[in-house]
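This is what each chain is made of:
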Amino acid sequence: MSRLYRLGRPLLFTMEPESAHHLSIMALKHGLVPRMDVPVDSRLRVSVAGISFPNPIGLAAGYDKNAEVVDAALGLGFGFVEAGTVTPRPQPGNDRPRCFRLPKAEAMINRFGFNNDGHADALERLQRRRRRAGIVGVNIGANKDADDRIQDYVDGVSLFESVADYLTVNISSPNTPGLRALQSGEDLHRLLEAVVAARDGFAAMAASAKKPLFVKVAPDLVPEQIAEIAEAALRHQIDGLIVSNTTLSRDGVAGLAHSEETGGLSGRPLLARSTWALAAFRKALGPEMPLIGVGGVHDTESALLKIAAGADLVQLYTAMVYAGPGLPTAILKGLRAYLDETGADSLASLRDARVEEIVAKGPPSD
């Protein structure tokens, strides 16, 4: 599949990136992308926040914004898929063009602005597949023009708890003005208190287990901000953090075409920055809280780096633009080979091996 994708990629790259993205969604929706031969190995299984994941490689939010192809995406070999970001009301997002390829760096810049069809459509789709196998999370956000953004998150938690295996509170997109302010101060505490109360309240009324609640943070954080978020996450008993979203930095892409476009940068250049933030959060939080490492993952080596930096699970998205739909299974095969070579009993035994080393290097400088 990867070889076929490489052959077809030049033609695909003649299309505007967002149009190519929609084409890929349609291909998955209509069964034009075959299911992959997924490696099954008990050593790849990971238990996180009460959920047993068949493997640690997940599809990050942003690809399937409207929960249209979660089952088809699981068929590519992902151990879990995160739909969204979904906002209460449909919103068009920012004006096009709003997504740009940087092929020389295997990177993307986007300023989508939470474009999505809204809660109602995503909920309907997820209700239709709720009895199917596969772990699906829902990433929730706030409308750009919301009167009360915290209430938007509360509404998302309350609505999707019945159909999601876990929920992610996304407060780190750089493309909704003012959203990242929710990562600090009293706003952060009010938000976390509110979403935890909403999650617990729904579980009590439904007499069901509480769904894990994760918070997705930015990579552009200094140590003091990381300490503040870590303290708040522990105080409010958040189930885990997803580290991280896209970056405002242009480290690694300066001078390339489109590098000056406004928006968040993703892809290979994000690896160092996001991995440092991940390791810093692991050191601040200790060994118990689950962490999902995102940013720059493009092969087995980068996935292993995330695990060594403190990640229990790993997500990717942008790398598939360049490597194609065979990437998840290629990484899984590489992980199995690594376990065979090293004799490690499980991926979990590799976690945190390089936390101190990565933190000591400090964040990349622009």
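Everything numeric in this text was worked out from a predicted model, so none of it was measured.

## Comments concerning unusual backbone geometry
Moving on, step 1. That bond from R96 to P97 is cis: its omega, 0°, falls within 30 degrees of zero.
Moving on, step 2. The residue P97 is located in the loop between β4 (80–86) and β5 (99–102) in this model.
Moving on, step 3. Backbone geometry places Q237, a non-glycine residue, at a positive phi of 55°.
Moving on, step 4. Mapped onto the elements of the fold, Q237 is located in the loop between α7 (223–235) and β10 (240–243).

## Concerning the packing of aromatic side chains
Moving on, step 1. Within the structure shown, the criterion is met by five aromatic pairs.
Moving on, step 2. Seen from their ring centres, Y63 and Y317 are 5.6 Å apart, and the 80° between their planes marks the pair as edge-to-face. Within this pair, whereas Y63 is found in the loop between β3 (57–59) and α3 (70–74), its partner Y317 is found in the loop between β13 (313–316) and α10 (318–323), the two being separated by 254 residues in sequence.
Moving on, step 3. What makes Y63 buried here is its relative accessible area of 12%.
Moving on, step 4. For the pair Y166 and F214, a centre-to-centre distance of 5.1 Å together with 45° between the ring planes defines the contact as tilted. Placement of Y166 in strand β8 (residues 166–170) and of F214 in strand β9 (residues 213–217) is noted, with a sequence separation of 48 residues between them. Both residues of the pair, Y166 and F214, belong to the buried class.
Moving on, step 5. Each residue in the set F53, F80, Y166 and F214 is aromatic and connected to the rest through ring pairs, giving one cluster.

## Quick notes on the UniProt feature "domain: Dihydroorotate dehydrogenase catalytic" (unreviewed entry) in the protein chain
Moving on, step 1. Annotation from UniProt places "domain: Dihydroorotate dehydrogenase catalytic" (unreviewed entry) at residues 44–338.
Moving on, step 2. Span residues 44–338 is 35% helix and 19% strand, its end C-alpha atoms 11 Å apart.

## Notes on helix α4 (residues 119–128)
Moving on, step 1. Considered for burial, the residues of α4 that qualify are H119, A122, L123, R125 and L126. Taken end-on, α4 shows its buried residues confined to a sector of 165°, consistent with a single buried face. α4 presents A120 and R128 as exposed residues on the side facing more than 90 degrees away from its buried surface.
Moving on, step 2. Those residues of α4 hidden inside the fold are in contact with β4, β7 (135–140) and α5 (149–160).

## Overview of the UniProt feature "binding site: substrate" (unreviewed entry) in the protein chain
Moving on, step 1. Cross-referencing UniProt, the feature "binding site: substrate" (unreviewed entry) maps to K65, N110, R111, F112, G113, F114, N170, N175, N245 and T246 in the present numbering.
Moving on, step 2. Relative to the elements of secondary structure, F112 occurs in the loop between β6 (107–110) and α4.
Moving on, step 3. In contact with F112, other than residues within four places in its own chain, are E18, K65, G93, N94, R98, C99 and N175.
Moving on, step 4. With near-sequence residues (within four places) excluded, N170 lies in contact with T85, F114, N139, I140, Y153, L179, K216 and N245.

## Regarding the sheet that holds β6
Moving on, step 1. Spatially, the three strands line up as an open sheet ordered β5-β6-β11, and their pairing is antiparallel. Of all strands in the sheet, those bounded by a partner on one side alone are β5 and β11 (264–267). Neighbour-to-neighbour, the strand axes of this sheet turn through a mean angle of 20°, independent of strand direction.
Moving on, step 2. Judged from the four bridges that link them, β6 and β11 form a sheet pairing that is antiparallel.

## So, the sheet that holds β9
Moving on, step 1. In space, the eight strands of this closed barrel follow the order β3-β4-β7-β8-β9-β10-β12-β13, with parallel pairing throughout. Across the sheet, the axes of successive neighbouring strands diverge by a mean angle of 25°, strand direction being ignored.
Moving on, step 2. Pairing geometry for β10 and strand β12 (residues 291–294), over three bridges, is parallel. Looking at β12, one finds that I242 is bridged to I292.
Moving on, step 3. Against the sheet, helix α9 (residues 300–308) contacts β3, β12 and β13, and its axis sits at roughly 135° relative to β13.

Rules and cut-offs
Residues numbered from 1 in each chain as written. Predicted model: local features only at pLDDT ≥ 70, side-chain atom pairs only at ≥ 80, totals over all residues. Heavy atoms only, no water. Helix = DSSP H or I, 4+ residues; strand = E, 2+ residues; numbered from the N terminus. Phe/Tyr/Trp six-rings, centres within 6.5 Å; stacked < 30°, edge-to-face > 60°. Buried < 20%, exposed > 50% of the residue type's maximum accessible area, 1.4 Å probe, protein only. UniProt positions renumbered as here; feature names shortened; annotations may be inferred. Arc of directions from axis to C-beta. Contact = heavy atoms within 4.5 Å. Pairing = 2+ DSSP bridges. Axes fitted to C-alpha atoms, helices over the stretch in contact; angles between N-to-C directions.

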